[in-house]
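# Residue-level structural notes
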Amino acid sequence: MTEPQERSARDEVTMTRIGQAVMLHHGGDREEARDRFLALWAEIVENGNPLHRCTLAHYLADTQDDPEAELAWDLRALSAAEELADGRMPPHALAPAARAFYPTLHLNLAADYARLGRREAARSHLRLSSGALDALDGDAHGETVRSAIVRLGRQLDGDPPTNPGPVRPAP
């Protein structure tokens, strides 16, 4: 097998393992999901694909009990997405698609900052999320993100939420 084929196979295995941990988390086994995510993070953090780091950090944030820890993981997710998108890493086939992560990543950071009482930081990330919406399609995911932005904006403005559902859509 050539090096690109080996890398592609490793990438596929990593994404499968991430997906398995996501299923555990969505199935209610948050602790086991967090343990698996952390094990994967330890394996890939040094030289890992920024797409993997972004995805892992995003989902690791969802498994945190402490709002500061959730914020730290969401910041790592954004940093990895920026590496993927801005050319700091060697060219990656998914770099243009990384733009589609920004609305969700900034929305998550806005929600984190809101939970921590840092309203100006929350508003700043909410503006960044809104400004990146052109990267999303008009599909269900895009509409979920758009609705969450409106809902969080209302919360930050002091309006009671009309739908207090989750704010954290998946990337």
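Here's what I pulled together on the structure shown here. Small disclaimer: the values here were computed from a predicted structure and weren't measured. (Residues numbered from 1 in each chain as written. Predicted model: local features only at pLDDT ≥ 70, side-chain atom pairs only at ≥ 80, totals over all residues. Heavy atoms only, no water.)

## A short note on the overall build of the protein
What counts, and what does not: Here a helix means four or more residues in a row that DSSP labels H or I, a strand means two or more in a row labelled E, and each is numbered from the N terminus. Burial classes follow relative accessibility: with a 1.4 Å probe on protein chains only, a residue under 20% of its type's maximum area counts as buried, one over 50% as exposed, and anything between as partly exposed. Contacts between residues were defined by any pair of non-hydrogen atoms, one from each residue, lying within 4.5 Å.
Regarding its fold elements, the protein presents 7 helices and 0 strands. From first element to last, N terminus to C terminus, the protein shows the α and β order α-α-α-α-α-α-α. Residues classed as buried in the protein amount to 42% of the 171 residues present. Long-range pairs, those at least 24 residues apart, make up 59% of the contacts in the protein with a sequence separation of at least 6.

## Section: the packing of helix α2 (residues 30-44) against helix α3 (residues 50-62)
Stated precisely, the cut-off is as follows: In this analysis an axis means a line fitted to C-alpha atoms, helices contributing only their contacting stretch, and an angle means the value between N-to-C directions, from 0 to 180 degrees. Reported orientations rely on four angle classes, namely roughly parallel under 35 degrees, roughly antiparallel over 145, roughly perpendicular from 65 to 115, and oblique for the rest. What makes a crossing left-handed is the near helix being turned counterclockwise from the far one by less than a right angle; a clockwise turn instead makes it right-handed. Residues were grouped as follows: Ala, Val, Leu, Ile, Met, Phe, Trp, Tyr, Cys and Pro as nonpolar; Asp, Glu, Lys and Arg as charged; and all remaining residues, including Gly, as polar.
The N-to-C vectors of α2 and α3 enclose an angle of 150°; their axes lie 10 Å apart at closest approach. One way to sum up the angle between α2 and α3 is to call them roughly antiparallel. You can see that α2 and α3 cross each other, and the crossing is left-handed. When α2 is examined against α3, the residues R30, R34, F37, L38, L40, W41 and I44 are found in contact with a partner set consisting of H52, R53, L56, A57, Y59, L60 and D62. Each residue belonging to the contact of α2 with α3 can be placed in one class, and the counts come to 9 nonpolar, 1 polar and 4 charged.

## Notes on the pattern of salt bridges
Stated formally: We define a salt bridge as a side-chain nitrogen of Lys or Arg found within 4 Å of a carboxyl oxygen belonging to Asp or Glu.
Scanning all chains against the criterion turns up 9 salt bridges. Where D65 meets R30, a salt bridge forms, and the shortest distance between an N and an O atom there is 3.4 Å. You can see D65 sitting in the loop between α3 and α4 (67-86) and its partner R30 sitting in helix α2, a full 35 residues away along the chain. Put simply, R115 and D112 hold a salt bridge, and the shortest N to O gap is 2.9 Å. Of the two residues, R115 and D112 both sit in helix α5 (residues 102-115), 3 residues apart, roughly one turn of that helix. Connected via shared salt-bridge partners are R30, R34 and D65.

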